[in-house]
Each structure stands twice: as structure tokens, then as C-alpha cells.
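Okay, here's what each chain looks like letter by letter:
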Amino acid sequence: LEFRRVLFRSLDEARLIVDAISTTPFTDSGLCEKIEKMYPSYFSGGYKSLVPHDHTVNKKTQLLLNTIRTCIENREVLLFKYGYPIAGAIRATSDKVTSPVALDWENSCYYLIAVDNDEFKNSRDVERSLRRYRIDRMRNHSIGKKRDYLDLGEEKEKILRHYLRNSVDAFSASDSRTITITLRCEDEKTLLRAYNAFSDDVRTKSFISDRTDRGEMTFVIEAGIVPTLFPKLFMLYTFEGVQVEIDDEEVKEKFRGFLKKALKAL
């Protein structure tokens, strides 16, 4: 009974949890019914959670997730093949030797954050050897019992926060920078749509100016200069009437290179 009181403190909280369980492929849908029976007053009156998804995670994926958690807890090395999913198969695979640090969930995908042991041999820097792997691109995993686990030490949480802060769509740079962006548009709704589409993928650190009623806003992002940053910047230009000003010469130069390369391919 005490556990029940701690788990859900309000009707809204209970329903949010049931909605989340209902729509994720990573949990047994029967769990919703168990929660509803535990809290009948919260789910009376014919309440229905969000429409459940039909697909579920297969046993291999569940086993992989459990193995990753075991490696994190026991500080063990994880070996796997990593490639590209095409037509139900994984192609162009390479062998990975990793020291799992954490699991991440972003854009409806699980990611393994781990030290790449082979990369560490070259850099001798644990933090710079961090990588992020999509678990649906991993195959033939096993635990490397006789391999040395590379630990982040007491700075683990700090290093993880720094790594994720520098990431854009699973690409991460060892160094981040603050980039100031100004958007201008005569139509306030278009201006806000452009900003919201961009901020869904790239985190805003702060606002310098918020004058959308006058057709202008200036904000600061913090990100590594990684390949996936430039498609996000280009997306801003797809909104009719939106003008973009980037206050960073290196970013602008690399962005020009990205656009020139794209034009040559046409």
C-alpha cells in the first residue's frame, strides 16, 4: 500500500504513466490493466488511455537491453557487430568492443552510450572515446569476460551531461560551442513554427531577444559542430519568409561547404 501511494500522487500522473506504457513497444500491454486495478478510482467513468501500438519489441532486443544493463551494473565489456539496417538485415557491419556507460532514449530509439575500447587505444582519452550506438543496428552481442572495462570514474555523470549536450541526432563532438542565431520574419506564426521545428532537435541554451511580435528573435544554442547540425540549420530556410543570421564564422563556413556539396549532387 505504501508503494502505491509513492508511485502515483495524482490522477493525472497515473494516467500519464498508463498512456506511456500503452504507446511504447518496450512494455507488456498487460501492465496497464494491472495498474488500473490497483487504482480503480483513477480509471473509472470509461477512461481509455492513448491508442496502443500494435508492434512489440522482439525477444532478441529485450535480451540485448538486459545484457547492456548487466554490463553497466557489473562494469563488463560488451562485444557486438554494428551496421546499417536495410530491408530487414544489417549490412556493412564492423566489430565493436565497448565499455557500456548508460542507455539513452531519443526520437523513439534506444541508444547505448559507451566507451569505444579500440578508439581509446588511439586517443588514450576515455572521454573522447565515448560513442553512441543505436541498439537496432547491433547484432551478435556478447559479454567480453576477459576484456578490460574502461571506467569514467567519479566524473561519470558530469562527462555524460557534457557528451549529451554536444550531441545532435546521436552525433557528438568532443568540444561544444555556443552559437547565436537570429530569426526574422514578418509573420509571427511562421517565425514561431520555424523556431519550434529547429528546437525539437537542437537544444536552446538561452534567449537574447524575444520580440516575435516584431518579427525577430535571437537565441543561443550549445552544440558540437557535427554533420547533423547543418541539415537542422538548413531546415530554417525552408520556412517561407524566414531570414536566418548565424553569428559564428566557422559554423557559417562549414554550412556553406555543406550547401555547396549538396548542390553539386543535383
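Residues numbered from 1 in each chain as written. Predicted model: local features only at pLDDT ≥ 70, side-chain atom pairs only at ≥ 80, totals over all residues. Heavy atoms only, no water.

Colleague: An account of unusual backbone geometry is requested, with residue identities and associated values reported.
Modeller: Phi is positive for Arg-124, which is not a glycine, with a value near 55°. Secondary-structure assignment places Arg-124 in the loop between helix 5 (117-123) and strand 4 (130-134). For Asn-140, which is not glycine, the phi dihedral falls at a positive 50°. Residue classification places Asn-140 among the exposed residues on the basis of a relative accessible area of 58%. (Helix = DSSP H or I, 4+ residues; strand = E, 2+ residues; numbered from the N terminus. Buried < 20%, exposed > 50% of the residue type's maximum accessible area, 1.4 Å probe, protein only.)

Colleague: How would you explain the nonpolar core if you had to name every residue and give the values?
Modeller: The biggest cluster of nonpolar side chains holds 24 residues, and the ones touching the most others in it are Ile-181, Leu-183, Phe-198, Ile-221 and Leu-233. For this core, the secondary-structure elements that each account for two or more residues are strand 8 (177-184), helix 7 (188-199), strand 10 (216-223), helix 8 (229-236), strand 11 (243-247) and helix 9 (249-264). Broken down by element, the residue count for this core peaks at five residues, all from helix 7. When near neighbours in sequence (up to four residues on either side) are disregarded, Phe-198 contacts Ile-181, Phe-219, Ile-221, Lys-232, Leu-233, Met-235 and Leu-236. Core analysis: the next-biggest nonpolar cluster, separate from the first, contains 13 residues, Leu-65, Leu-112, Ala-114 and Tyr-133 among them. (Core = buried A, V, L, I, M, F, W, Y, C linked by side-chain atoms within 4.5 Å. Contact = heavy atoms within 4.5 Å.)

Colleague: Please provide a residue-by-residue account of the sheet that holds strand 5 (residues 138-144), values included.
Modeller: Strand order in this open sheet of five strands is 4-3-2-1-5, and the pairing throughout is antiparallel. Strand pairing shows two members of the sheet lacking a second neighbour, strand 4 and strand 5, which therefore form its edges. The average undirected angle you get between the axes of adjacent strands in this sheet is 45°. Pairing geometry for strand 2 (residues 89-106) and strand 3 (residues 109-116), over eight bridges, is antiparallel. When the sheet's bridge partners are listed, Ala-102 is paired in strand 3 with Ile-113. Those strands touched by helix 4 (residues 59-74) are strand 1 (77-86), strand 2, strand 3 and strand 5, and its axis lies near 55° from that of strand 2. (Pairing = 2+ DSSP bridges. Axes fitted to C-alpha atoms, helices over the stretch in contact; angles between N-to-C directions.)

Colleague: Could you give an account of the side chain of Thr-67, naming the residues involved and the relevant values?
Modeller: Assignment of secondary structure puts Thr-67 in helix 4. The buried category is assigned to Thr-67, whose relative accessible area is 12%. The contact partners of Thr-67, leaving out residues within four places of it in the chain, are Leu-78, His-141 and Ile-143.

Colleague: Lay out the pairing of strand 3 in plain terms, naming residues and giving numbers.
Modeller: As a general feature of sheets, a regular strand has side chains that alternate between the two faces. Counting buried positions along strand 3 gives eight out of eight residues, so the element sits mostly inside the fold. Here five bridges tie strand 3 to strand 4, and the two strands are oriented antiparallel to one another. Bridge pairing in strand 4 places Val-115 opposite Leu-130.

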